[in-house]
Amino acid sequence: MNSLLRNSLSVGLLSAAAVAAPLGSSVRPAIPAEVQQLISVDYRMLKNSETAQQLKNQVFPDQLKQFEVALRGAGIDPDRDVDQLTFVSYRSPKQGLEIVGAAQGVFATKTVLRRLKLKKVKAVKYHDSDIYPMSAGMEMTFVDETTLLFGDAPALRGALDARDGYVATLDSNPDIANLIGDVESGAVWSVLDQKGTQNMMLSALGDASHIGEYDTVKKHILGSRYTMNFSGGVNFDLDVLTSDSVTAATLSSLVKMGVLYKKMSASSIEKAALEDVSVNSDSSKLQMHFKADDKQFQSLIHTSLFAAVSR
């Protein structure tokens, strides 16, 4: 699995309050149609949560760590200036899987550009955008006064191709676009396409995935979405969309079996966490809910169970 998928749960857990983080209007047009996963997180809350800081130090994606360093080099303080981060994983016909990020906030754009000029950092023109090199091989461009895109060269240019009308965009992919509306009001949210969801479920089921029924139902898995909030502890809600109620019920049974398998070899901390996992089906959806208090969750992130879930 790609690094974005491996860290989707980990990134999501890094928000500490139920503040809505909808997809920005200047970000949406820059998302190519062949999107695999979107993750949006309220970045303002990172510095206010002990749990978030532990997660950041342990499992935060390398791309974001590099981005923070690169931003500071350009005169932008992530803790002060960035409000929301969105990560987009999309499939490129020539490059394979690409990851591009979007940061939204209040940027002193003129000051940043003046500093780059003083440091003799030159922009490269691509369509109508000025692209600036950053550290760690990344590049960035300001979409407007409140939004910048960042990533390696092919990923960033692919996003600009979408924004400038050279390739199809997210809005031409109803399978993903229709997943967003029900979750983007959450503090943290993510949507994942069919193939990514099938891989995620295969990993989450563990030994239960070897049962013949999974090979049958996986073809009917359509996509997934999750939201998180941290009011009164950690709350995680996942919906896996399927083609029919029979598939959803069968998948629910398999997930419950997977939880039982994990309990057999789990530590006491992991078993306590698994007791707080509820699984059911509602029409054509598998629904999974997890709740833990901050202390319990901070213990859980150091266990093998968390490593397996966030893989």
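Within each chain, residues carry numbers counting from 1 in the order of the written sequence. Since the coordinates come from a predicted model, pLDDT governs what is reported: local features require at least 70, and pairs of side-chain atoms require 80 or more to be given and counted, while whole-chain, interface and lining totals use all residues. Hydrogens and waters are ignored; side-chain quantities use all the structure's heavy atoms.

K.L.:
Account for the pairing of strand 11 (residues 277-282), with residues named and values stated.
P.N.:
When DSSP finds at least two bridges between two strands, those strands are taken to pair. Each helix is a run of DSSP H or I of at least 4 residues and each strand a run of E of at least 2, with the numbering of both proceeding from the N terminus. Pairing of strand 11 with strand 12 (residues 285-292) involves six bridges; the strand directions are antiparallel. Bridge pairing links Ser 281 to Leu 286 in strand 12.

K.L.:
I'd like a rundown of the nonpolar core, residues and numbers included.
P.N.:
Soluble globular proteins tend to bury their nonpolar side chains together. Throughout, nonpolar core names a set of buried Ala, Val, Leu, Ile, Met, Phe, Trp, Tyr and Cys residues whose side chains join them through atoms within 4.5 Å. Buried, partly exposed and exposed residues are distinguished by accessible area as a fraction of the type maximum, computed with a 1.4 Å probe on protein chains only: under 20%, between the cut-offs, and over 50%, respectively. The biggest cluster of nonpolar side chains holds 46 residues, and the ones touching the most others in it are Phe 67, Leu 85, Met 140, Leu 148 and Phe 150. We call two residues in contact when some of their heavy atoms are within 4.5 Å. With near-sequence residues (within four places) excluded, Met 140 lies in contact with Ala 74, Val 112, Leu 116, Asp 130, Ile 131, Tyr 132, Met 134, Leu 148, Leu 149, Phe 150 and Leu 156. In terms of nonpolar packing, the next biggest core, distinct from the first, is built from 25 residues, Val 27, Leu 38, Trp 189 and Val 191 among them.

K.L.:
Describe the sheet that holds strand 6 (residues 139-144), naming the residues involved and giving the relevant values.
P.N.:
Taken together, the twelve strands give an open sheet; going across it, the order is 4-5-6-7-3-2-1-8-9-10-12-11, and neighbouring strands pair in antiparallel fashion. Since the sheet does not close on itself, it has two edges, and those belong to strand 4 (124-126) and strand 11, each with one partner. On average, adjacent strands in this sheet sit at an angle of 20° to one another, irrespective of strand direction. Relative to strand 9 (residues 221-229), strand 8 (residues 188-192) is paired through five bridges, and the arrangement is antiparallel. The residue of strand 9 that forms the bridge with Trp 189 is Thr 227. Axes here mean lines fitted to C-alpha atoms, for a helix over just the part in contact, with angles spanning 0 to 180 degrees between N-to-C directions.

K.L.:
Before we move on, could you go through unusual backbone geometry and cite the residues and values that matter?
P.N.:
Even without being glycine, His 127 reaches a positive phi, approximately 55°. With respect to the helices and strands, the residue His 127 is situated in the loop between strand 4 and strand 5 (129-133). Among the residues examined, His 127 registers a relative accessible area of 26% and is labelled partly exposed. Notably, Ser 283 is not glycine yet its phi reads approximately 60°, a positive angle. When you line up the elements, Ser 283 lands in the loop between strand 11 and strand 12.

K.L.:
Provide a residue-level description of the side chain of Ser 26, including the pertinent values.
P.N.:
Tracing the backbone through its elements, the reader meets Ser 26 in the loop between helix 2 (8-12) and strand 1 (35-42). Judged by relative accessible area, which is 16%, Ser 26 ranks as buried. Whenever two N or O atoms come within 3.5 Å, that pair is a polar contact, provided that in protein one can donate a hydrogen and the other can accept it, and provided that, for residues adjacent in sequence, both atoms are side-chain atoms. Polar side-chain contacts of Ser 26 include one of 2.7 Å to the side chain of Thr 147.

K.L.:
Account for a negative patch on the surface, naming residues and giving values.
P.N.:
Each patch is built from residues that are more than 30% exposed by relative accessible area and take part in no salt bridge. Like charges join if they lie within 9 Å; nonpolar side chains (Val, Leu, Ile, Met, Phe, Trp, Tyr) join within 5 Å. Here the Shrake-Rupley method, with its probe set to 1.4 Å, supplies the accessible areas, and only the displayed protein chains count as covering residues. For this analysis, a salt bridge means a side-chain nitrogen from Lys or Arg found within 4 Å of a carboxyl oxygen belonging to Asp or Glu. For the charge count, each Lys or Arg is scored as positive and each Asp or Glu as negative, with His and the chain ends excluded. Charged groups are reduced to one reference atom each: NZ for lysine, CZ for arginine, CG for aspartic acid, CD for glutamic acid. Where like charges cluster on the molecular surface, the negative patch consists of Glu 50, Asp 276, Asp 293 and Asp 294. Note on placement: Asp 293 falls in the loop between strand 12 and helix 13 (294-300). The exposure class of Asp 293 is partly exposed, given its relative accessible area of 45%.

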